[in-house]
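Fold and contact review
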Amino acid sequence: MANPSKHVLFIGGHDETFQHYDGLPFRFTCLQRPQSVGPNLQGLTSAIHPIEDFDTDRIVAQSCALHAQDPFDFILSFTEDGLLPSAVAADTLGVPGIDLHACGLCIDKSLMRTHLQHTRFALPHQECSTLSDALAFLASCPDGAIFKPFRGAGSEGVFHAKERATLEQHFAERAANAGALLAEAYIGGRMFSVETLTIRGQHEVVAITAVELEPGTLVPIQHLLPAPEYDGVDQAAISEFCIGLLDEIGYKHGPCHIELKVSADRIALIEINNRVGGDLLGHLAHLTKGVNMYRETIEFLFEGLPSPAYRASQKKFEFGASRSFRQMVSVDALKTVLANVHVDKMLLDENAQAAPHFRSTDDRLGPVVFATNSGVAFNDAVDAIKRLVAQAPAV
Ligand SMILES: Nc1ncnc2c1ncn2[C@@H]1O[C@H](COP(=O)(O)OP(=O)(O)OP(=O)(O)O)[C@@H](O)[C@H]1O
Ligand SMILES: [Mg+2]
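Domain annotation of the chain identifies domain 1 (7–98), domain 2 (124–185) and domain 3 (190–391). Computed from C-alpha coordinates alone, the two centres of domain 2 and domain 3 are separated by 28 Å. Between domain 2 and domain 3, the contact holds 5 residues from the first and 6 residues from the second. Partitioned by chemical class, the residues of the side of domain 2 that touches domain 3 number 1 nonpolar, 3 polar and 1 charged.

Right, dumping it as structure tokens:
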């Protein structure tokens, strides 16, 4: 059994996250914004210290002061904003935690591309500060190029340029102090996301989902798990690619969310994040694979390995989906088309309004998570939602 005197520091996190650690023999401390303190965190620990924001220097200073009173044995975060501060705090204190080097690579897409440039994970890419840089790069890309901020999430500020005019317009509208953009060759194929879990250096692919983007945008709208078998897509090759990537960045412990484009002749990396994926993918993996990535990351921090029998007992369904929406669909109609599957989460507010523009994951409505053991019921539900969306009023 793990040593009950071990002390774990969390930096931030959605309150949902803190429901997973019941009965684990650790003491927990959390630095959390007061508005984010919820019942799950309060149930886990009374050692909750307020932070104003995720400013790295302040969080490191606060972690050092707390460590001096009651030393930490591990420092981590499961939320995007807390990743870097927790990695820097762990590194500063010499305490095990999120690896700073791997974290830096995952947070800065340009650094990651440069790190991978002489490996099989490479993609043509370039940092572009000016319109002429961007035009020169575009000219080298037969299928157009993707431009994105170095640090970003939710597809915010990411665009696909196929011709000169798109870039001219973008640079004409750009703020004078906007930083350089990362340009990447546009990669065709099907999109997949992969949830992985590394336990003390041992990597595992937990779940592969087929991702659909909202048509005409770069915003993911649907994840299906298991990913249907597609021609030319070899799931074993996807797994091998992801494990190799985790080794390449020296990832040591915890979850990752990896995005790929896959075609008959190649697997290409879109990005890797050192956290559980959004869209309730951790939840979906738990339902359909029996793997609780939040719990297992903590449970096996120092010793032990996940038990296949325990996971099998946690697995509830064969098929699962996470679906978000661009336009509002009727919640009643949605419940009707999901009558033959288990609706696990319905985070769709009756009164929600579709965003006037649709550029990032924040503009989506939902998600709804559903699961079932019947492949037929699953496919029927996925198709029925598609029909419902097609009938919804255009935004
Ligand atoms: N090189 C590329 N080729 C083809 N499509 C790409 C490429 N890079 C990004 N995309 C598309 O743009 C979307 C957003 O890009 P990316 O994932 O890098 O940004 P992000 O802001 O981190 O997004 P998110 O947080 O939603 O995952 C991806 O989901 C993918 O569909
Ligand atoms: Mg992404």
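What follows concerns unusual backbone geometry. Cis peptide bonds are those with omega within 30 degrees of zero, and the linkage from Leu 225 to Pro 226 qualifies with 0°. In the segment running from Gly 366 into Pro 367, the intervening peptide bond is cis, with an omega of 10°. Along the chain, Pro 367 turns up in strand E16 (residues 365–372). Of note, the phi angle at Arg 200 is positive, near 45°, even though the residue is not glycine. Here Arg 200 lies in the loop between strand E9 (190–199) and strand E10 (202–213). The phi dihedral of Asp 279 falls on the positive side, at around 60°, and the residue is not glycine. Within the element layout of this structure, Asp 279 appears in the loop between strand E13 (266–273) and helix H9 (281–289). Among the residues examined, Asp 279 registers 23 C-beta atoms within 10 Å and is labelled buried.

Here the focus is the sheet that holds strand E5 (residues 125–128). Pairing in this open sheet of 4 strands is antiparallel, and the strands run E5-E8-E6-E7 from one edge to the other. This sheet does not close on itself; its edge strands, each paired only once, are E5 and strand E7 (159–161). In this sheet, adjacent strand axes meet at a mean angle of 30° when their direction is disregarded. As judged from the 5 bridges shared by strand E6 (residues 145–149) and strand E8 (residues 181–185), these two strands associate in the antiparallel manner. Bridging from a neighbouring strand, Lys 148 pairs with Leu 182 of E8. The strands touched by helix H6 (residues 131–139) are E5, E6, E7 and E8; relative to E5, the strand with the most contacts, the crossing angle is about 165°.

Quick notes on the rules
Residues numbered from 1 in each chain as written. Chains lettered and ligands numbered in written order. Predicted model: local features only at pLDDT ≥ 70, side-chain atom pairs only at ≥ 80, totals over all residues. Domains from an automatic or database assignment. Contact = placed C-beta atoms within 7 Å. Nonpolar A, V, L, I, M, F, W, Y, C, P; charged D, E, K, R; others polar. Helix = DSSP H or I, 4+ residues; strand = E, 2+ residues; numbered from the N terminus. Buried ≥ 20, exposed ≤ 12 C-beta atoms within 10 Å, placed from the backbone. Pairing = 2+ DSSP bridges. Axes fitted to C-alpha atoms, helices over the stretch in contact; angles between N-to-C directions.

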